[in-house]
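Inside the fold
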Amino acid sequence: MMLPLRDGMHLPVLMQFASGAVTEARRHDQDVLLMTADEGPAGLARVAASAIVDGLILMDVEVRDPRVETLRRLGLPSVLIGFPADAEGLTCVDLDFTAAGRVCADYLSDRGCGTIALLGASEAVYARRTGFAERVREGFLGRSGPALVQPCPDDPVSVQRTVKELLASHPDLTGLAVHNEPAVGHVMHALADAGKRVGEDFHVVVIGPDEVAERVHPQLPSVLVPAETLAETAVRHLMRKLDGFDVPDSTLVEPQLTIR
């Protein structure tokens, strides 16, 4: 399982993916080799040459992922958690992040928000064209009303500054979708400092784990990223491929909005 630890990735969520993969693999009497170095195509080739694994699961998939062509050339059974632009001949599993962005925009619009914003991950995540981030942005900006996207680091000072600048430059902003798990608590503090009453004159929705949306006050609505379920599905698909059975080329999980 290639799970590179890169800038802008939230470790607790990554560990949910790892936990789901390991648990499901044990049900099939398989062990998981977790590769966390950002080795790219070279890492794939090295593992394949060592003959220590029977199959591969790739994470943090980019739109133009350089690992894809190497993956096709190696011919090892594989599953991607994520979708590159060219997914032909690949097996891909993921949350429908485009629909997740759309669900968040609709939620904010339904509450009467005029201008809305997506507070995303750090600039590095967008710079490397990470698939899930681009698809959330696409879905969020697909609505007809005014909407904007703002990348944001997750440290408290940067979050406070970003929220303050957003509110100053867009005084009609009344809705915020946060796709940056560690930033959520800092966002709520920044909004409180600005005199915004979340759930009354300002609305916030989160894309991320339930616990992130539940541990703030007030608790927030959220679209769950079902990390363990996605990883379990990826392992099951890989096991079927190893046994010679067909699996779907594309598995997209429909996003579910939980209102709190």
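The coordinates are above.
Residues numbered from 1 in each chain as written. Predicted model: local features only at pLDDT ≥ 70, side-chain atom pairs only at ≥ 80, totals over all residues. Heavy atoms only, no water.

So, about the sheet that holds strand E10 (residues 257-258). With mixed pairing, six strands are arranged side by side in an open sheet as E5-E4-E6-E7-E8-E10. Since the sheet does not close on itself, it has two edges, and those belong to strand E5 (147-150) and E10, each with one partner. Along the sheet face, helix H6 (residues 131-140) touches strand E4 (115-119), E5, strand E6 (173-178) and strand E7 (203-207) and points at about 175° away from the line of E4. Those strands touched by helix H8 (residues 184-193) are E4, E6 and E7, and its axis lies near 165° from that of E6. (Pairing = 2+ DSSP bridges. Helix = DSSP H or I, 4+ residues; strand = E, 2+ residues; numbered from the N terminus. Contact = heavy atoms within 4.5 Å. Axes fitted to C-alpha atoms, helices over the stretch in contact; angles between N-to-C directions.)

With that settled, the discussion passes to helix H4 (residues 97-110). With 14 residues, H4 extends 20 Å from end C-alpha to end C-alpha; this agrees with the ideal 20 Å at 1.5 Å per step. A positive backbone phi angle near 85° is found at Gly112, which sits one or two residues after H4. (Expected span 1.5 Å × (residues − 1).)

Looking now at the sheet that holds strand E3 (residues 92-95). Ordered in space as E1-E2-E3-E9, the four strands form an open sheet in which the pairing is parallel. The sheet is open, and its two edges are formed by strand E1 (56-58) and strand E9 (250-253), each paired on a single side. Pairwise comparison of adjacent strand axes, ignoring direction, gives a mean angle of 15° for this sheet.

The peptide bond linking His217 to Pro218 adopts the cis configuration, its omega dihedral lying at -5°. On the secondary structure map, Pro218 appears in the loop between helix H9 (210-214) and strand E8 (222-223). Here Ala51, not a glycine, exhibits a phi torsion of approximately 60°, which is positive. The exposure class assigned to Ala51 is exposed, which follows from its relative accessible area of 64%. Positive phi is not limited to glycine here, since Asp60 has a value of about 50°. Accessibility expressed as a relative area gives 4% for Asp60, which makes it buried. (Buried < 20%, exposed > 50% of the residue type's maximum accessible area, 1.4 Å probe, protein only.)

So, on to the packing of helix H7 (residues 156-169) against H8. Close contact between H7 and H8 brings their axes to 9 Å; oriented N to C, the two are set at 45°. One way to sum up the angle between H7 and H8 is to call them oblique. Judged by the sense of rotation from one axis to the other, the crossing of H7 with H8 is right-handed. For the pair H7 and H8, the contacting residues are Pro156, Val159, Gln160, Val163 and Leu167 in the first and His186, Val187, His189, Ala190, Leu191 and Asp193 in the second. Here the contact of H7 with H8 is composed, by residue class, of seven nonpolar, three polar and one charged. (Parallel < 35°, antiparallel > 145°, perpendicular 65-115°, else oblique. Left-handed = near helix turned anticlockwise from the far one by under 90°. Nonpolar A, V, L, I, M, F, W, Y, C, P; charged D, E, K, R; others polar.)

Looking now at the environment of Glu138. You can see Glu138 is positioned in helix H6. The exposure class assigned to Glu138 is exposed, which follows from its relative accessible area of 54%. In this structure, the C-alpha to C-alpha distance between Glu138 and Gly112, residues 26 residues apart in sequence, is 21 Å.

With that out of the way, let us pick up the pattern of salt bridges. For the structure shown, the criterion picks out 18 salt bridges. A single network of salt bridges, built from pairs that share partners, joins Arg6, Asp38, Asp60, Glu62 and Arg128. (Salt bridge = Lys/Arg side-chain N within 4 Å of Asp/Glu carboxyl O.)

Ranked by internal contacts, the top residues of the largest apolar core, which has 37 residues, are Met1, Phe17, Ile81 and Leu108. Looking at this core, the elements that each hand over two or more residues are helix H1 (11-27), strand E2 (78-81), E3, H4, E4, H6, E7 and helix H10 (227-242). It is H10 that provides the largest number of residues to this core, a total of seven residues. Those residues in contact with Met1 that lie beyond four places of it in its chain are Phe17, Ala18, Ala21, Val32, Leu33, Leu34, Met35, Ile57, Met59 and Ile81. With 25 residues, the next largest nonpolar core counts Val159, Met188, Val198 and Val206 among its residues. (Core = buried A, V, L, I, M, F, W, Y, C linked by side-chain atoms within 4.5 Å.)

Moving on, we get to H7. Taking 1.5 Å per residue as the helical rise, H7 with its 14 residues ought to reach 20 Å, and the 20 Å between its terminal C-alpha atoms agrees with that figure. Along H7, the residues classified as buried are Ser158, Val159, Thr162, Val163, Leu166 and Leu167. Each buried residue of H7 sits inside an arc of 160° when the element is viewed along its axis, so together they form one side. Exposed and oriented more than 90 degrees from the buried face of H7 are Val157, Lys164 and Ala168. Against E4, E5, E6 and H8 lie the buried residues of H7. (Arc of directions from axis to C-beta.)

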